[in-house]
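The residues making up each chain are set out below.
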Amino acid sequence: MINSAISIRISGQVQGVGFRPFVYNLARRLGLNGTVANSAAGVEIFAEGPASDLLLFRQLLEQEQPPMSLIDALTAEPSEPQHFCDFSIVSSRQGDLQLGVTPDAAVCPDCLHELFAAGDRRYLYPFINCTNCGPRYSIIRALPYDRHQTSMSEFALCSACNAEYSDPADRRFHAQPNACSACGPRLSFVDGAGELQQDDPLTAAVDLIQQGMIVAVKGIGGFHLVCDARNPAAVARLRQRKHRPVKPFAVMGLNPQSLASMVSLNAARQQRLQSQDAPVLLCPSRDNLPEGIAPGLAWCGVMLPHTPLHYLLLHRLCGSPAGTDWLSQSQSPLLVMTSGNRSGNPLVTDNDQIVTQLQGIADGFLLHNRDIRIRCDDSVVNGLSDQMPLIRRGRGLAPQMIRLPQSGPATLAVGAFFKNTLCLTQGNRAYVSQYIGDLDNPDCCQSLAEMTGHLSALLGIKPEQVVCDQHPDFYSSRFARDYALQNDIPLHTVQHHHAHIASVMAEQGISEAVLGLALDGLGLGPDQQLWGGELLRVEGHQYDRLGHLPPLALPGGDRAASEPWRSAAAVLHSLGRSDEILARFTQPAAITVKQMLEQDFNCPQTSSAGRLFDAVASLSGICHINSFEADAAMQLEASAYRYLQRFGRPNQDLLIDFNESGQPMLNRLLHCIADIDDPELAAALFHHQLIDGLSRWVIDQSQIVNLNRVVLAGGCFLNQILLQGITEKLQQAGMTVYSASKLPCNDAGISLGQAQIAHCLALQNNNDQQSVKGLSQCV
């Protein structure tokens, strides 16, 4: 006899992951009656039955949840029995949107087995998926997540697929992208001249790759440009056509065994590669890394196939072996996988646009007719350390929700100039977009505007305030001003490095005051100076600048960021060694730069740690020109990494002291670096001494301000030697150290920090208003 009932609400990543079928089958297994439905808040369950079975049901919901689900909150309340006759899945319910958007997921083992099972009806079908894998975020038009609100609405289910979709016992029960060759998306191939070809699309693409040509392949969140990674001529051709002389390429192999010859893969790296988000993972490279893949670096980005189409390409390149045994064996084909766009532009998602925009770059286009609703770059993870922090948050990860330490008004934060992302909040829930790009590109600026509209509509959030960087001339700042005016809402500005520290505080749930070390390229300070090496005390929406790195001149201003030799020349000038500038640097502008430094003309000062890394890279003879952002800094880190792997830590101690002016002791180090003939020794010595000096600086200041919690943030902490070295020294001193884990530490995390500060400001204003109200009542 039924005498108990409960109503359960679950929020988090619980739509599009097979959660309702899971609940249905669990309830049937336990003999419970009731309903389960998607709602704007997540999933709602009503269950009735014996009290002991309901208790077990409640426990198993978390213990046995589907592999793609992430339960953020589960609430259960007693309810009145309604005497249902069975358990069923019912229509989605509307309401205040509170759920997380489910990211795209790599093809699962079950689908992969079917893909290469000759008797299966989806044998070699490029769009196989189920409730445990396949496209999600990239095909969504609106929430809740139902087929009619995705780009799959254009494909009517055939009877066989509909039977699977309707059968609670089937793996594809309510799998929204469900399809087969009879009713689903199809491949096509367009040649380099833009002409549709009637040949088999896969055969046409593979033939070009084997000939050393370049093919644009449509994936989940955009296109990849693909060529044979083992063909140096093909790699060189791709670099020349894409105007990408040295920036590293990612390489795809069939499985970890296929990648093991080119990179070092331990158990942790293999596990991370095979996770559902299937990221690009930076791994230490081996001596036989294919030519031209990652020039000058000690690591390479590698990835595994994450779509059925990738597996089918590799299957053909491997000679179309029968069965599935080949999937677990080492295979020789390796493919360069780089973003399908012109350098600096956002990813292209439209078939017609890709053919137009990449003519002259791609020799052919492997397309399909499932529309990409939301562009999403590959996620990139740094596998050089055990923590494996994010470098770029994209496919498979965005836009998972981050729970903030406090609630606040609905907020739009529009991020930074470089590595732009945006953040939308509702209550204490923050949704950070995927990587958008650098806002020096008009198309990326347009993407920021489009993403703001799309995410706001998708999540049902109407911002009540907007927040941007303190720099008035960033496109994001201008966009925020216009948005605030158009929507008649308040606008707040936030200092760049304050936002860096607040971003880590937000994702780590820190509400208390911290000591924040922010090291990056450049950010405008309230004194209108260029900051970039800052020690801050941060509490809520307020911060104090406790100190900064010694100032360095930037001859030519912004030019110094792309030409590290200019920063190196400034160092030589500050050391009284200006006469060496012309001897060391053969650039035509060297005479002019020397004169600018001597006359202090167009040489703004900065405390930027990023420019310090640039200067040392050039002084060491490692890199004089940045062909892409952070080129010199990455090569400097790579040089230090190679030295440390061979010889360990350098034994010279120069004791940089940032507690004083910092300049004299730093000068000793830079004098030393400038006179070392071994670039790798110079790089390792610089890292060792900088880590020591920064750590002692933080420890000494922590004792002065009586704070034991330290946040490390800013793009320089993508350098794993720096991050691990400072973390270890501070922990040895008994300090609690926090750094970014859910978002990148660079400017991609700025939008979350901006939103966090805006929430803190709103909370303080509300408290002030309450205090005034209470005071007036007392009076």
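Predicted model only: the values in this text are computed from it and were never measured.

**Student:** Quick one: what's the story with the overall build of the protein chain, residue by residue and with numbers?
**Tutor:** In terms of regular secondary structure, the protein chain is built from 23 helices and 27 strands. Its C-alpha radius of gyration of 28 Å places the protein chain within 12% of the 28 Å reference for a compact globule of 779 residues. With the principal axes as the frame, the protein chain shows a C-alpha extent of 90 × 85 × 50 Å. Here the protein chain, with 779 residues, has 60% of them falling under the buried criterion. Put simply, 72% of the contacts in the protein chain that link residues at least 6 apart link residues at least 24 apart. Looking at the protein chain as shown, the accessible area adds up to about 29,500 Å², and 48% of this sits on carbon and sulfur atoms. In the protein chain, the 56 positive side-chain charges and the 74 negative ones have mean positions that sit 3 Å from each other.

**Student:** Summarise the sheet that holds strand β7 (residues 196-197); cite the residues concerned and give the values.
**Tutor:** The strand order across the open sheet built from eleven strands is β7-β6-β14-β8-β9-β13-β10-β12-β11-β15-β16, with neighbouring strands paired in mixed fashion. Lying at the two open borders of the sheet, with one neighbouring strand each, are β7 and β16 (390-392). As paired elements, strand β8 (residues 215-218) and strand β14 (residues 364-368) share three bridges and run parallel to each other. Across the sheet, residue V215 finds its bridge partner in β14, namely G364.

**Student:** For empty space enclosed by the protein, give the residues involved together with the corresponding values.
**Tutor:** On inspection of all chains with the given rule, the structure shows six cavities of 30 Å³ or more. The space that makes up the largest cavity amounts to roughly 130 Å³. What lines the largest cavity is a set of 17 residues, and nearest its centre among them are P126, I220, T307, P308 and R370. Tallied by class, residues from the lining of the largest cavity come to nine nonpolar, six polar and two charged.

**Student:** Describe the pairing of strand β12 (residues 299-303), and please don't skip the residues or the numbers.
**Tutor:** With five of its five residues buried, β12 lies for the most part within the structure. Covered by surrounding structure in β12 are W299, G301 and M303 together with C300 and V302, the residues of both alternating faces. Here three bridges tie strand β10 (residues 250-252) to β12, and the two strands are oriented parallel to one another. Pairing of M252 across the sheet is with M303, part of β12. Where strand β11 (residues 280-284) lies against β12, four bridges are found, and the strand directions are antiparallel. Bridge assignment links L281 to a residue of β12, and that residue is V302.

**Student:** Describe the pattern of salt bridges, with residues and values.
**Tutor:** This structure, assessed with the given rule, holds 31 salt bridges. In this structure, the salt-bridge partner of D363 is R241, at a minimum N-O distance of 3.0 Å. One end of the pair, D363, is in the loop between α10 (351-357) and β14; the other, R241, is in helix α6 (residues 232-242), and 122 residues separate them in sequence. For D363, a relative accessible area of 19% puts it in the buried group. Its salt-bridge partner being R642, residue E680 comes within 3.0 Å of it at the nearest N-O pair. Within this pair, whereas E680 is found in helix α21 (residues 679-705), its partner R642 is found in helix α19 (residues 631-647), the two being separated by 38 residues in sequence.

**Student:** Before we move on, can you summarise the packing of aromatic side chains with the specific residues and values?
**Tutor:** How two aromatic rings sit relative to each other is set out by the distance from centre to centre and by the angle between their planes. Taken as a whole and assessed by the stated rule, the structure comprises 14 aromatic pairs. Here Y24 and F87 contribute two aromatic rings whose centre-to-centre distance is 6.5 Å and whose plane-to-plane angle is 65 degrees, an arrangement assigned as edge-to-face. One end of the pair, Y24, is in helix α1 (residues 19-30); the other, F87, is in strand β5 (residues 87-89), and 63 residues separate them in sequence. Ring centres 5.8 Å apart and planes at 45 degrees place the aromatic pair W565 and F585 in the tilted group. Of this pair, W565 sits in helix α15 (residues 564-574) while F585 sits in the loop between α16 (581-584) and α17 (590-599), and the two are 20 residues apart along the sequence. Looking at W565, the relative accessible area reads 0%, which means it is buried. Ring-pair connections join several aromatic residues into one group, and the members of that group are Y24, F87 and F173. The positively charged end of R545 is found above the aromatic ring belonging to W531, 3.8 Å away from the centroid.

**Student:** Before we move on, could you go through the sheet that holds strand β19 (residues 465-469) and cite the residues and values that matter?
**Tutor:** In space, the four strands of this open sheet follow the order β18-β17-β19-β20, with mixed pairing throughout. Across the chains shown, the open sheet's two edge strands, defined by having one partner strand only, are β18 (423-432) and β20 (491-494). The average angle at which neighbouring strand axes cross in this sheet is 60 degrees, direction not considered. As defined by bridge partners, strand β17 (residues 401-413) adjoins β19 across three bridges and the pair is classed as parallel. By the bridge assignment, A413 is partnered in β19 with V467.

**Student:** Residues and numbers for helix α22 (residues 720-732), please.
**Tutor:** Compared with the 18 Å implied by 1.5 Å per residue over 13 residues, the 18 Å span of α22 between its first and last C-alpha is a close match. Three or more residues of α22 are buried, namely Q720, I721, L722, L723, G725, I726, T727 and L730. Regarding α22, its N-cap is N719, as a side-chain oxygen of that residue lies 3.0 Å from the backbone nitrogen of I721 further along. One or two residues past the end of α22 sits G734, with phi positive at roughly 85 degrees.

**Student:** If you had to explain the packing of α19 against α21 to someone new, which residues and values would you point to?
**Tutor:** Remark: α19 packs on α21, axes separated minimally by 7 Å, with the N-to-C direction vectors making an angle of 95 degrees. The angle between the axes of α19 and α21 places the two elements in the roughly perpendicular class. Of the residues in α21, those in contact with L636, E637, S639, A640, R642, Y643, L644 and R646 of α19 are E680, L681, A683, A684, F686 and H687. Class assignment of the residues belonging to the contact of α19 with α21 gives a composition of eight nonpolar, two polar and four charged.

**Student:** Tell me what's going on with unusual backbone geometry, and back it up with residues and numbers.
**Tutor:** Backbone torsion omega between A398 and P399 reads -5 degrees, so that peptide bond is classified as cis. Backbone geometry at H174 places phi at a positive 60 degrees, although glycine is not the residue there. By the element assignment, H174 lies in the loop between α4 (159-166) and β6 (187-191). Given the relative accessible area of 22%, H174 is considered partly exposed. The phi torsion at M388 lies on the positive side, around 50 degrees, for a residue other than glycine. Within the secondary structure, M388 sits in the loop between β15 (380-382) and β16. What makes M388 buried here is its relative accessible area of 13%.

**Student:** Just give me the short version of the packing of α15 against helix α18 (residues 609-619), but keep the residues and values in it.
**Tutor:** The interhelical angle for the contact between α15 and α18, taken along N-to-C directions, is 85 degrees, at an axis separation of 7 Å. Comparing their axes, α18 and α15 come out roughly perpendicular. The residues of α18 that touch α15, namely those facing P564, W565, S567, A568, V571 and L572, are R611, D614, A615, S618 and L619. For the contact of α15 with α18, the class distribution of residues is seven nonpolar, two polar and two charged.

**Student:** Residue-level account of the environment of Q353, with values.
**Tutor:** For Q353, the location among the structural elements is in helix α10. Judged by relative accessible area, which is 40%, Q353 ranks as partly exposed. Sequence separation between Q353 and P67 is 286 residues, and the spatial gap between their C-alpha atoms is 36 Å.

**Student:** How would you sum up the environment of D579? Please name residues and give values.
**Tutor:** Looking at the element boundaries, D579 is found in the loop between α15 and α16. Since its relative accessible area comes to 62%, D579 is described here as exposed. Expressed as a C-alpha distance, the spacing of D579 and A416, which sit 163 residues apart in the sequence, is 39 Å.

**Student:** An account of the side chain of D520 is requested, with residue identities and associated values reported.
**Tutor:** Tracing the chain through its elements places D520 in strand β21 (residues 514-524). Look at D520: it is buried, it has no salt bridge, and the nearest opposite charge is R611 at 7.8 Å.

Thresholds, definitions, all that
Residues numbered from 1 in each chain as written. Predicted model: local features only at pLDDT ≥ 70, side-chain atom pairs only at ≥ 80, totals over all residues. Heavy atoms only, no water. Helix = DSSP H or I, 4+ residues; strand = E, 2+ residues; numbered from the N terminus. Rg over C-alpha atoms; globule rule 2.2 N^0.38 Å. Buried < 20%, exposed > 50% of the residue type's maximum accessible area, 1.4 Å probe, protein only. Contact = heavy atoms within 4.5 Å. Areas by Shrake-Rupley, 256 points an atom, 1.4 Å probe, with all protein chains shown as cover. Lys, Arg positive; Asp, Glu negative; His and termini not counted. Charge placed at Lys NZ, Arg CZ, Asp CG, Glu CD. Pairing = 2+ DSSP bridges. 1 Å grid on protein atoms, 1.4 Å probe; cavity = no way out; pocket = protein on both sides within 12 Å on 5 of 7 lines; lining within 4 Å. Points joined across faces, edges and corners; volume = space filled by probe spheres on them. Nonpolar A, V, L, I, M, F, W, Y, C, P; charged D, E, K, R; others polar. Salt bridge = Lys/Arg side-chain N within 4 Å of Asp/Glu carboxyl O. Phe/Tyr/Trp six-rings, centres within 6.5 Å; stacked < 30°, edge-to-face > 60°. Lys NZ or Arg CZ within 6 Å of the ring centre and 35° of its normal. Axes fitted to C-alpha atoms, helices over the stretch in contact; angles between N-to-C directions. Expected span 1.5 Å × (residues − 1). Polar contact = N/O pair within 3.5 Å; in protein donor to acceptor, adjacent residues only side chain to side chain. Parallel < 35°, antiparallel > 145°, perpendicular 65-115°, else oblique.

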